[in-house]
Every structure is written in structure tokens, then in C-alpha cells.
Amino acid sequence: VLSVGRLSAEKGHRYLVEAAYMVVAGHPDAHFVLLGEGRERSRLEGQARRLGLGERCLFPGFRSDARPLMAQADVLVLPSLTEGMPNVVLEAFAVGLPVVATAVGGVPEIVQDGLNGWLCKPRHPRALASALMEALGNPRELQRRGRAGHGLVKRRYTFATQAEMAARGFREVLARRGT
């Protein structure tokens, strides 16, 4: 299970570490890697130690090579309490990695529960753990949702598609102004 992002309170990693404890109890082979740096890192590492997660929950720090690591993960988790349109989700989908995320901000616009990922309530480690256990317990479903996420990125989030959408918006504004 991979998480990529700034280790700050609003990113919800404390709930992820708590969920990791529950997941490891049901999936003893599960490992969690939280890539990133931030004010919360030492607190999160302490929390993982207190829960006895040891080598099951790693904090390698910031890595500029997250994309190849995504290709090796089974699922990306985004436990945020607040979020805009998270690029990390699009990056995960680009490599066919399904996502477990909290339903905040713009996340539900790209992560569709049951289609390309799993959505759960923020601040609920039990819900996060449940979604992760479901994901890890069903490799075929992981693959299916990963393919669906990849298809979404190819259809809606390529540079060409985004440029055309922006150009269309500009043309509409100019047409309304009579210019």
C-alpha cells in the first residue's frame, strides 16, 4: 500500500497509520510505504512504532521517483481531510494503480467508488481499513479498477484533452463577449 504526499495534518496520515494497524491484523503480508516529508513525520513514525507496525510501515521520505514505485504497488491510498484535484491520483491511474481515497474536495470527481477505486469517509480509520482490506483481498478487482482508472486518464486527462477543453472554454467566453 503506497501513500505519496506531504506529511502534514490535513493529509490524514494519522488515520492511515491507524488503519494500517487494522489491515496488518487481517493481511499479515501487507506493507505500507508513506512517501513524503513534513511536520508530521516524526509523530507518524512514533505512532507506527507504538502500534507495533515496525517494518510493515515505512517512511522513506521524499522521493522524486514515485512513479516507478507506483508501478510496483498494489494500491495507492489518499487519506486526506481536504483536497483539491489531487495529481497523485491521476499519476496512480496513469500507471494502472487503483486508489483508495477519502471522499473530500475534488477526489470524487476522479475516484469513482466501485469503478476505479474505493471511497470512504475522512477521519474514519476503520472505513479506510475496510476499503484497503477489500482491495487487498481481491487481486482481480484491483486489476479491474486499475484498468478503469488508466482508461479515465487516457480519455480525460491527457495534455491534448486538457488543452482542447481550455481552448473550448476560451472560445465560449470570447463568443459571449462578441469578440
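Below is a summary of the structure that appears in this document. (Residues numbered from 1 in each chain as written. Predicted model: local features only at pLDDT ≥ 70, side-chain atom pairs only at ≥ 80, totals over all residues. Heavy atoms only, no water.)

So, on to the packing of helix α1 (residues 13-26) against helix α2 (residues 41-50). It is at 10 Å that the axes of α1 and α2 come closest, and there the two elements cross at 15 degrees. It follows that α1 is roughly parallel to α2 by the angle criterion. Seen along the crossing, α1 lies across α2 with a hand that is right-handed. For the pair formed by α1 and α2, the contact residues are H13, R14, V17 and E18 on the first element and R43, L44, Q47 and A48 on the second. Classifying every residue of the contact of α1 with α2 gives three nonpolar, two polar and three charged. (Axes fitted to C-alpha atoms, helices over the stretch in contact; angles between N-to-C directions. Helix = DSSP H or I, 4+ residues; strand = E, 2+ residues; numbered from the N terminus. Parallel < 35°, antiparallel > 145°, perpendicular 65-115°, else oblique. Left-handed = near helix turned anticlockwise from the far one by under 90°. Contact = heavy atoms within 4.5 Å. Nonpolar A, V, L, I, M, F, W, Y, C, P; charged D, E, K, R; others polar.)

Time to look at the pairing of strand β5 (residues 99-102). Residues V99 and A101 line one face of β5 and the alternating positions V100 and T102 line the opposite face, and both faces are buried. Direction of pairing for strand β4 (residues 76-78) relative to β5: parallel, over a ladder of three bridges. Residue pairing in the sheet places V77 in a bridge with V100 of β5. Direction of pairing for β5 relative to strand β6 (residues 117-120): parallel, over a ladder of four bridges. Following the sheet pairing, A101 is matched in β6 by L119. (Buried < 20%, exposed > 50% of the residue type's maximum accessible area, 1.4 Å probe, protein only. Pairing = 2+ DSSP bridges.)

It is at 7 Å that the axes of helix α4 (residues 87-94) and helix α7 (residues 139-156) come closest, and there the two elements cross at 110 degrees. Between α4 and α7, the crossing angle belongs to the class labelled roughly perpendicular. Packed against α4, whose contacting residues are L90, F93 and A94, the element α7 presents G149, H150, L152 and V153 at the interface. Its residues assigned to classes, the contact of α4 with α7 comprises five nonpolar, two polar and no charged.

Under the defined criterion, the tally for this structure stands at zero aromatic pairs. Its guanidinium or amino end placed over the ring of W118, R145 lies 3.9 Å from that ring's centre, counting from NZ or CZ. (Phe/Tyr/Trp six-rings, centres within 6.5 Å; stacked < 30°, edge-to-face > 60°. Lys NZ or Arg CZ within 6 Å of the ring centre and 35° of its normal.)

What follows deals with the pattern of salt bridges. Under the defined criterion, the tally for this structure stands at ten salt bridges. For R43, the salt bridge is made with E40, and the minimal N-O distance between the two is 2.7 Å. The structure contains a network of salt bridges with shared partners spanning E134, E141, R144 and R145. (Salt bridge = Lys/Arg side-chain N within 4 Å of Asp/Glu carboxyl O.)

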